[in-house]
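# Fold and contact review
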Amino acid sequence: MNNNNQIIEARVEQLAQRIEALVVEARKKIASTVNIAMVYTYFEVGRYIVEDEQGGKTRAEYGKGILKGVSARLTASLGKGWSVDTLEKTRRFFLTFSKSATPKRILSKGENSATVQRKFVLSWNHYQILSHVDNPEARGFYEIEAFKQQWSTRYLQRQIGSGLYERLALSRNKDEVMRLATEGQVVEKPSDIIKDPLVLEFCGLKPEASYSETDLESAIITRLQDFLLEMGKGFLFEARQKRFTFEERHFFIDLVLYNRLLQAYVLVDLKMDDLTHQDLGQMQMYVNYYDRYVKEDFEKPTIGILLCERKNDALVELTLPKDANIYAQQYALCLPGKALLQQKLREWIAEFKNKENVV
């Protein structure tokens, strides 16, 4: 009898779990559908306000009277949620997104951005954050990545605040910068995973404080999930202080990661002092060892990253061969000045265009 009871209990538990999972998933879909419907509704509300405004008087006079009256009328008939502030947000939302095409990677298979009406895939709160991104290319990039990577609003704010778009764009050529805006971050080659700089403010180390490579390594391991997210797409952690032996000598790699999108090992060495050619040579040796003795035939060549406080591109270029799979990547312990990053990007694109014109 006990045996039968156990069997029945197991079946009850299994069936209940399956039904619960089904209901939870359905609730998620319903909530998502309701949220998206609300976004479309707010977009149309914004359209009505802009159209009425364009047919009326000046913006200042319009804002003082009309929206207050509309807010009072809607609140009386529909309940809370229709304040003047909300109506002004819908207006901004429409003005911001009515002129921008739907990013390519958000379209369904077979759809074309030239023929499809503006498509919304994020929550209203996400779009409120995106409405304050003035650069349409950056806004398109963040919309794609927030959708594809399922970013929370908090994480979206962090990525915008850290200048993720600008940091990725500064490590790419002009054509790839434009591709970022319409397709998001596409990882096809090692240089696609490099950001300039890598922002490690979540480690809790103060920029003005004195700390060692071990301190930084320990802080990274403590906040490993945040570190892997900051590194980019597809990173997995394998080992810390990975030891290998060659000709009776022991060597230690600070961090060994793996990128599942590139199908390649990523070796990371942490450097506190100025980068030297000896550091680059050592990393080249690490990469050679992994390529010859660790990686499988189906895997791509190993990538080496020297994470340093100050990098020297000229030294890297002079020391390493052109086809070396090794990169010096700068890090910052506080969020970079976004205005400075944006200025650097504008200067970089202008310089690129000038070179094209000269050629």
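Conventions and cut-offs
- Residues numbered from 1 in each chain as written.
- Predicted model: local features only at pLDDT ≥ 70, side-chain atom pairs only at ≥ 80, totals over all residues.
- Heavy atoms only, no water.
- Helix = DSSP H or I, 4+ residues; strand = E, 2+ residues; numbered from the N terminus.
- Contact = heavy atoms within 4.5 Å.
- Areas by Shrake-Rupley, 256 points an atom, 1.4 Å probe, with all protein chains shown as cover.
- Phe/Tyr/Trp six-rings, centres within 6.5 Å; stacked < 30°, edge-to-face > 60°.
- Buried < 20%, exposed > 50% of the residue type's maximum accessible area, 1.4 Å probe, protein only.
- Lys NZ or Arg CZ within 6 Å of the ring centre and 35° of its normal.
- Core = buried A, V, L, I, M, F, W, Y, C linked by side-chain atoms within 4.5 Å.
- Lys, Arg positive; Asp, Glu negative; His and termini not counted.
- Salt bridge = Lys/Arg side-chain N within 4 Å of Asp/Glu carboxyl O.
- Pairing = 2+ DSSP bridges.
- Right-handed = clockwise from strand over helix to strand, strands pointing away.
- Expected span 1.5 Å × (residues − 1).
- pLDDT = per-residue confidence, 0-100.
- Arc of directions from axis to C-beta.

### Regarding the overall build of the chain
For the chain, the count of helices and strands is 13 helices and six strands. Considering only residue pairs separated by 6 or more positions, the chain has 65% of its internal contacts joining residues 24 or more positions apart. Approximately 20,800 Å² of the chain is accessible, and the part contributed by carbon and sulfur atoms is 51%.

### Notes on the environment of Val-287
Locating Val-287 in the fold gives a position in helix H11 (residues 277–293). Ignoring any residue separated from it by four or fewer positions in sequence, one finds Val-287 in contact with Leu-267, Thr-302, Ile-303, Gly-304 and Ile-326.

### Looking at the packing of aromatic side chains
Tallied over the full model, the rule gives 25 aromatic pairs. Ring centres of Phe-43 and Phe-93 lie 5.8 Å apart, and the angle between their planes is 80°; this geometry places the pair in the edge-to-face category. Taken as a pair, Phe-43 in helix H1 (residues 2–54) and Phe-93 in helix H3 (residues 84–97) lie far apart in primary sequence, 50 residues in all. As far as burial versus exposure is concerned, Phe-43 and Phe-93 are alike and both buried. The ring of Phe-97 carries the charged tip of Arg-139 above its face, separated from the ring centre by 5.6 Å.

### Regarding the nonpolar core
Counting residues in each nonpolar core, the largest one holds 37 residues, and the members touching the most others are Phe-93, Tyr-127, Leu-130, Tyr-142 and Leu-156. Counting only elements with at least two residues in this core, the list comes to H1, H3, helix H4 (124–130), helix H5 (136–148), helix H6 (153–161) and helix H7 (164–169). Top element by residues in this core is H1. It accounts for six residues. Within the second largest apolar cluster, 22 residues are counted, among which are Phe-251, Leu-275, Met-283 and Leu-306.

### What to know about the side chain of Asp-254
By the element assignment, Asp-254 lies in strand E3 (residues 249–259). The side chain of Asp-254 sits in the buried core without any salt bridge; Lys-271 is the nearest counter-charge, 5.8 Å away.

### As for the pairing of strand E5 (residues 303–308)
Among the six residues of E5, six are classified as buried, and the element is accordingly described as predominantly covered. Covered by surrounding structure in E5 are Ile-303, Ile-305 and Leu-307 together with Gly-304, Leu-306 and Cys-308, the residues of both alternating faces. Where strand E4 (residues 264–271) lies against E5, six bridges are found, and the strand directions are parallel. Paired with Val-266 across the bridge in E5 is Ile-303. In this view, the connection linking E4 to its parallel neighbour E5 by way of H11 has right-handed handedness.

### Structural notes on H3
Taking 1.5 Å per residue as the helical rise, H3 with its 14 residues ought to reach 20 Å, and the 20 Å between its terminal C-alpha atoms agrees with that figure. Inspection of H3 places Thr-86, Leu-87, Thr-90, Arg-91, Phe-93, Phe-94, Thr-96 and Phe-97 among the buried residues, and these make up the whole buried set.

### Description of the side chain of Arg-118
Inspection of the secondary structure assignment puts Arg-118 in the loop between H3 and H4. Using a relative accessible area of 10% as the deciding quantity, one classes Arg-118 as buried.

### Description of the pattern of salt bridges
In total, this model carries eight salt bridges according to the counting rule given. Its salt-bridge partner being Glu-44, residue Arg-47 comes within 2.9 Å of it at the nearest N-O pair. Placement of both Arg-47 and Glu-44 in helix H1 is noted, with a separation of three residues, approximately one turn of the helix. Linking Glu-230 and Arg-167 is a salt bridge whose minimum nitrogen-to-oxygen distance equals 2.6 Å. With Glu-230 in helix H10 (residues 224–231) and Arg-167 in helix H7, the pair connects residues that are 63 residues apart, well separated along the chain.

### Points about the pairing of strand E2 (residues 235–246)
Pairing of E2 with E3, which is carried by ten bridges, proceeds in the antiparallel orientation. Bridge assignment links Ala-239 to a residue of E3, and that residue is Val-256. Remark: two residues form the turn of the hairpin made by E2 and E3, two consecutive strands paired antiparallel; Glu-247 in that turn has positive phi of roughly 50°.

### Things to note about the confidence of the model for the chain
On average, residues of the chain carry a pLDDT of 79, and 81% of them reach 70 or more. Mean pLDDT values over the elements of the chain span from 63, in helix H13 (residues 338–358), up to 93, in H4.

### Some details on H10
Looking at H10, one finds that the buried residues are Leu-224, Phe-227, Leu-228, Glu-230 and Met-231. One side of H10 holds all its buried residues, which, seen down the axis, span an arc of 160°. Note on H10: the residue one or two positions beyond its end, Gly-232, has a positive phi of about 135°.

### So, unusual backbone geometry
Unusually for a residue other than glycine, Gln-150 sits at a positive phi of about 55°. Here Gln-150 is to be found in the loop between H5 and H6. Positive phi values are uncommon outside glycine, yet Glu-248 reaches one of about 65°. Here Glu-248 is to be found in the loop between E2 and E3. Glu-248 gets classed as exposed once you look at its relative accessible area, which sits at 79%.

### Observations concerning the environment of Ser-191
Looking at where Ser-191 falls in the secondary structure, it is placed in the loop between helix H8 (174–183) and strand E1 (198–199). By relative accessible area, which is 23% here, Ser-191 ends up partly exposed.

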